[in-house]
Amino acid sequence: MKYIRLTKEQLEELHEEFANFLASQQIDKAEWDQIKAEKPEVAEQELDVFSDLVWEGVLTQTEYMEHYSKNHIFLFKLGKEEMESIVIHSHVAHADFLTEVGLQWLNENLFSKEVEIKRGKKPFGEDRNAEVFDILKQGAILTNGDLYKQFEDMF
């Protein structure tokens, strides 16, 4: 398995897609129920393959992500060949970007010497989607890019 198995809730949301996936392998509901009962290891493999297919599709379409920590905000724009980033860093300990108060502080002090904003670019290696998935595993979230676009225009 390349990524991680989808959760039960995610699989339930993708019930139709999973049924189509099984149908593409000529497995109907009765046969699926039999596989689950008699060959659970095969059922597990099918879930893993389906999960990887879903993740591959999601990661391929991912264009923007954000990651927040106490003193940093990482904004990512993901192209096909490279990743661009905007990193916002607070030099003061009391500014906690994980809180509403900390984000308000950032808004009020964005252009002060206590906030550093850097831009960068990094080409992807051989497997773009694996690199994007690693960022997600570290706590990033998928976004529509509004915040990245705001900062891109400002800096």
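Before reading on, note that the structure itself is shown above.
Residues numbered from 1 in each chain as written. Predicted model: local features only at pLDDT ≥ 70, side-chain atom pairs only at ≥ 80, totals over all residues. Heavy atoms only, no water.

Participant: Would you mind going over the pattern of salt bridges with me for this structure?
Facilitator: Should the charged atoms of two oppositely charged side chains come close, the side chains can pair. The tally for this structure, following the rule as stated, stands at 12 salt bridges. For Lys-29, the salt bridge is made with Asp-33, and the minimal N-O distance between the two is 3.0 Å. Residue Lys-29 and its partner Asp-33 are located together in helix α3 (residues 29-38), separated by 4 residues, close to a single helical turn. Exposure remark for Asp-33: the relative accessible area of 31% places this residue in the partly exposed category. (Salt bridge = Lys/Arg side-chain N within 4 Å of Asp/Glu carboxyl O. Helix = DSSP H or I, 4+ residues; strand = E, 2+ residues; numbered from the N terminus. Buried < 20%, exposed > 50% of the residue type's maximum accessible area, 1.4 Å probe, protein only.)

Participant: Whenever I open this one, helix α6 (residues 128-137) confuses me. Can you help?
Facilitator: Because the α-helix completes a turn every 3.6 residues, residues three or four places apart line up on one side. Among the residues making up α6, those that are buried are Arg-128, Asn-129, Val-132, Phe-133, Ile-135 and Leu-136. Seen from one end, α6 has its buried residues packed into an arc of 155°, which puts them on one side. Taken together, the buried residues of α6 touch α4 (40-61), β1 (64-68), β2 (72-78), β3 (82-90) and β5 (141-143). Of the residues trailing α6, Gly-139 is marked for its positive phi of about 115°. (Arc of directions from axis to C-beta. Contact = heavy atoms within 4.5 Å.)

Participant: Just checking my understanding: could you explain the nonpolar core for this structure?
Facilitator: Soluble globular proteins tend to bury their nonpolar side chains together. Formed by 24 residues in total, the largest nonpolar core has its most connected members in Phe-18, Trp-32, Trp-55, Leu-59, Met-65 and Leu-78. Sorting the residues of this core by element identifies α2 (15-24), α3, α4, β2 and α6 as the ones contributing at least two each. Among the elements that take part in this core, α4 stands out by supplying 5 residues, more than any other. Discounting residues that sit within four places of it in the chain, Phe-18 has contacts with Trp-32, Glu-46, Leu-47 and Phe-50. Ranked by size, the runner-up nonpolar core spans 14 residues in total, among them Ile-86, Ala-95, Leu-110 and Phe-151. (Core = buried A, V, L, I, M, F, W, Y, C linked by side-chain atoms within 4.5 Å.)

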